[in-house]
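# What the coordinates show
Chain by chain, the residues run as shown.
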Amino acid sequence: EKHLAATQVQTLREEPDILDTGGGLRNALPLLGDGPVWTMNSDAVWAGPNPLAMLKDAWRDGMEALLLCIPPAQAIGHKGQGDFVSEGGAVSRGPGLIYSGAQILRTDGLRDFPEDSFSLNLLWNDMLKRGTLHFIPYPGQWCDVGHPEGITLAEEMLARHV
């Protein structure tokens, strides 16, 4: 905060408790306004098209969320089964595509949860029921750097894409 004090960057604290992804985003709403917001996890490295430009180009009226997802063969350093599947255009939960950490999201539903701390997964589940959660697959490569060995994997991935 001291480093950013002389800038226009605003910071928020999650104290005394961590608010998780949903609670943290709801906590930031006074700074973000009413429209859809972009969120992006900071623990991923990308090799390929600009992920935010892809989301922007694919966003349509009627969507409540548009998630950028990674096909498992293009996900480096990810440990898990995946998050979403699509059959016949319908999105559901299941092993398959991996949520990349990048999305455009309408925030209205964040106010519906009484808990201070909650996951965005709860909001996504409500959107799935309404058919308003959408995703697009990322055509490039993506590396999870949220663990120490991810740094080496990301450096190797980037070296191949220079």
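Each remark here, short or long, concerns the structure printed above.
The structure presented is a predicted model; accordingly, all values stated were derived computationally and were not measured.

A word on the packing of aromatic side chains. A full pass over the atoms with the stated rule returns 4 aromatic pairs. Between Trp46 and Tyr138, the aromatic rings sit 4.9 Å apart at their centres with planes inclined by 80 degrees, giving edge-to-face as the arrangement. One end of the pair, Trp46, is in strand β2 (residues 44-47); the other, Tyr138, is in the loop between β8 (133-137) and β9 (141-144), and 92 residues separate them in sequence. There is no split in this pair, since Trp46 and Tyr138 are both buried. An angle of 75 degrees between the planes, with centres 4.7 Å apart, marks the rings of Tyr99 and Trp124 as edge-to-face. Note that Tyr99 is positioned in strand β7 (residues 98-105) and Trp124 in helix α3 (residues 120-130), a separation of 25 residues in sequence. Each member of the pair, Tyr99 as well as Trp124, is classed as buried. Taken together, the ring pairs in this structure connect Phe84, Tyr99 and Trp124 into an aromatic cluster.

The next point concerns the sheet that holds β7. Across the sheet, which stays open at both edges, the 4 strands sit in the order β1-β7-β3-β8 with mixed pairing between neighbours. Looking along the sheet, the strands with just one partner apiece sit at the ends: β1 (37-40) and β8. Within the sheet, the average angular offset between the axes of one strand and its neighbour, ignoring direction, is 25 degrees. The sheet strands contacting α3 are β3 (65-70), β7 and β8, and the helix crosses β7 at an angle near 75 degrees.

Here we come to unusual backbone geometry. Omega for the peptide link from Glu15 to Pro16 comes to 0 degrees, which places this bond in the cis form. Assignment of secondary structure puts Pro16 in the segment before α1 (20-32). The phi dihedral of Asp20 is positive, around 65 degrees, even though this residue is not glycine. As for its position among the elements, Asp20 is in helix α1. The partly exposed category is assigned to Asp20, whose relative accessible area is 37%.

Moving on, we come to the sheet that holds β9. Hydrogen bonds between backbone groups are what pair the strands of a sheet, and the pairing can be parallel or antiparallel. The strand order across the open sheet formed by 3 strands is β2-β9-β4, and the pairing between neighbours is mixed. This sheet does not close on itself; its edge strands, each paired only once, are β2 and β4 (75-76). The pairing of β2 with β9 spans 4 bridges and is antiparallel. Bridged to Val45 within β9 is Cys143. Seen against the sheet, helix α4 (residues 148-160) touches β2, β4 and β9 and runs at an angle of roughly 160 degrees to β9.

The rules behind the values
Sequence order sets the numbering: in each chain, residues are counted from 1 along the sequence as written. Per-residue local features are limited, in this predicted model, to residues with pLDDT of at least 70; the limit for side-chain atom pairs, both in listing and counting, is 80 or more; totals at the level of whole chains, interfaces and linings are taken over all residues. Values shown for side chains rest on all heavy atoms present in the structure; no hydrogens or waters enter the calculation. Two rings from Phe, Tyr or Trp (for Trp, the six-membered ring) form a pair when their centres are within 6.5 Å of each other. A pair whose planes differ by under 30 degrees is stacked, one over 60 is edge-to-face, and the rest are tilted. Helix numbers and strand numbers start at the N terminus; a helix is a DSSP run of H or I with at least 4 residues, a strand a run of E with at least 2. Summary of the burial criterion: residues with accessible area below 20% of their type's maximum are buried, those above 50% are exposed, and those between are partly exposed, where the area comes from a 1.4 Å probe applied to protein chains only. By definition, two strands form a pair when at least two bridges between them are found by DSSP. Lines are fitted to the C-alpha atoms to define the axes, a helix being fitted only along its stretch in contact, and any angle between axes, read from their N-to-C directions, falls within 0 to 180 degrees. Should any heavy atoms of two residues lie within 4.5 Å, those residues are counted as being in contact.

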